[in-house]
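# Coordinates in review
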Amino acid sequence: MTTRAETPHDDALRDQIATELITARERTSGLTDCVGDADLVRQHSPLMSPLVWDLAHIANQEELWLLRAVGGREPLHPEIDPLYDAFEHPRSERPTLPLLPPDEARRYAHDVRGRVLDLLAAAPLEGSRLVTSGFVFGMVAQHEQQHDETMLITHQLRQGAPVLTTPRPGPPPPDALSLPREVLVPDGPFTMGTSGEPWALDNERPAHTVPVAPFWLDTVPVTNAAYTEFIEDGGYREPRWWTPAGWEHRQQAGLTAPLFWRRDGGAWVRTRFGVTEPVPPAEPVLHVCWYEADAWARWAGRRLPTEAEWEKAARHDPAAGRSRRYPWGDAAPRPDQANLGQRHLQPAPAGSYPAGAAPSGARQLIGDVWEWTASDFLPYPGFAPWPYREYSDVFFGPEYKVLRGGSFAVSPVACRGTFRNWDYPVRRQIFAGFRTARDADGEQAVRA
Ligand SMILES: [Fe+2]
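All values derive from a computational prediction rather than experimental measurement.

Scanning the protein chain for helices and strands turns up 10 helices and 14 strands. For a compact globule of 448 residues, the expected C-alpha radius of gyration is about 22 Å, and the protein chain comes in at 22 Å, within 12% of that figure. Taken along the three principal axes of its C-alpha coordinates, the protein chain extends 70 × 50 × 40 Å. For the protein chain, the residues scored as buried account for 57% of the 448 residues in total. Look at the contacts in the protein chain between residues 6 or more apart in sequence, and 77% of them connect residues 24 or more apart. For the protein chain, the computed accessible surface area is about 18400 Å², with 55% contributed by carbon and sulfur atoms.

Here it is in structure tokens:
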């Protein structure tokens, strides 16, 4: 006998949730089964947690939100909760904690997941805001995928023989070289953020109308070739391209090129997941901090787009007068529309994915590289913390810059036109690049 009203929609939602949880776990396993225990417990960079911390933290959050908050179950191991509370221990401290060893962390994650799938079969998906439309299950799936991206960053920072391989992205389409350098996004207000996306996180809410003056936006992200011109032109030696804080950081940190690049004879090479290879000129630049992106834009006579400009370019459909979920429409990303989900371990060449273009003609707004914007991470008008303050509220302020669009390392479940990421302007190990903009003042577009 069942006590809840079962509908076909309910079944489809439960199937979707189960698929997202299983997809996330396959990725987590792929990132933690490919190295030995010594690599799992080691801290590969003071910026990152040991991989085994991420693994048990994923399970602990799943237990807290699904088994305890939704299911009302008793804690499985209450004594470990403080170890896996991200706010209690900064990353640099985590290797010194009495963490669960790899086999126990795996068993814990497996136990929690088994109970969650049982719970999912019977839990109500209405009646409280936490479970309506499966929100909290979606939040947990997104959380695991976000940690999978973090673990992929740890892999990029790890020294040693390569352990991860994926096919390279295909060549760009024939029109990639003849695309206009920039596209016009016309004047007018648009709907920013969302009030209706069921699994949107608190900082994406609520939907609100924002006026945006007309502007030109790069059709594609800035490439390695274009970035190299800045280096060769002495961009790293010229303070006038940098903000005062950016110049100070450039000097202190000794920045001379993107992270993981080095000179080999007369050419630039980079190390990517343990493989050193020539820097591919047509690929969007990766592993630059906000200060570098901002300096490049000034050198090019341009600027970074604001977050509102980015979102309008990515979501506004001028014909229908509404905002879409994605540049191409409302349907979930297809593999021919965006480079997401770690299908490839690198961005695709600039101009790829014409099927994923926005109405303006801009390409690769979703996937490939996170894009730095000019904007600080701030709440939208009417923001309310949900379901906990520590997700977004404690991070709002001018010390963080917003990134948009997701990278090749981001899962489709944790990527949409409204999704907001944020980080310090000095951060370089993340999979971030950028594109640039300029005010539209009646001139014609700059050709490539
Ligand atoms: Fe987390």
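Glancing now at the environment of L76. With respect to the helices and strands, L76 occurs in the loop between α3 (51-70) and α4 (102-122). The exposure class of L76 is partly exposed, given its relative accessible area of 26%. A sequence separation of 32 residues divides L76 from Y108, and the C-alpha atoms of the two residues are 8.7 Å apart. Filtering out sequence-adjacent residues up to four positions away, L76 remains in contact with E63, L67, Y108, V112 and R115.

As enumerated under the stated definition, the model contains 39 salt bridges in all. The partner of R420 in a salt bridge is E307, and the shortest N-O contact between them spans 2.7 Å. With a gap of 113 residues between them, R420 in strand β12 (residues 420-423) and E307 in helix α9 (residues 307-315) connect regions that are remote in the sequence. The same class applies to R420 as to E307, namely buried. Two residues, R315 and E311, come together in a salt bridge whose shortest N-O distance is 2.7 Å. Taken together, the residues R315 and E311, both in helix α9 and 4 residues apart, mark about one turn of the helix. On the accessibility criterion, E311 (0% relative accessible area) is buried. Here the residues in one salt-bridge network are R168, R270, R272, E277 and E283, joined through shared partners.

On to the pairing of strand β2 (residues 188-192), then. Going residue by residue along β2, you find G188, F190 and M192 tucked away on one face and P189 and T191 left uncovered on the opposite face. Where β2 meets strand β3 (residues 208-212), 5 bridges bridge the pair, whose relative direction is antiparallel. Paired with T191 across the two strands is T209, which belongs to β3.

To continue, consider the sheet that holds strand β1 (residues 182-185). Read across the sheet, 3 strands follow the order β1-β4-β14 without closing on themselves; strand pairing throughout is antiparallel. Either end of the sheet is taken by a strand with one partner, and the two such strands are β1 and β14 (437-439). Taking each pair of neighbouring strands and ignoring which way they run, the sheet shows an average axis angle of 25°. Pairing analysis gives 4 bridges linking β1 to strand β4 (residues 215-218), with the strands arranged antiparallel. The partner of E182 across the bridge, within β4, is D218. Against the sheet, α9 makes contact with β1, β4 and β14, and its axis sits at roughly 75° relative to β4, the strand it touches most.

Reading the values: rules and limits
- Residues numbered from 1 in each chain as written.
- Predicted model: local features only at pLDDT ≥ 70, side-chain atom pairs only at ≥ 80, totals over all residues.
- Heavy atoms only, no water.
- Helix = DSSP H or I, 4+ residues; strand = E, 2+ residues; numbered from the N terminus.
- Rg over C-alpha atoms; globule rule 2.2 N^0.38 Å.
- Buried < 20%, exposed > 50% of the residue type's maximum accessible area, 1.4 Å probe, protein only.
- Contact = heavy atoms within 4.5 Å.
- Areas by Shrake-Rupley, 256 points an atom, 1.4 Å probe, with all protein chains shown as cover.
- Salt bridge = Lys/Arg side-chain N within 4 Å of Asp/Glu carboxyl O.
- Pairing = 2+ DSSP bridges.
- Axes fitted to C-alpha atoms, helices over the stretch in contact; angles between N-to-C directions.

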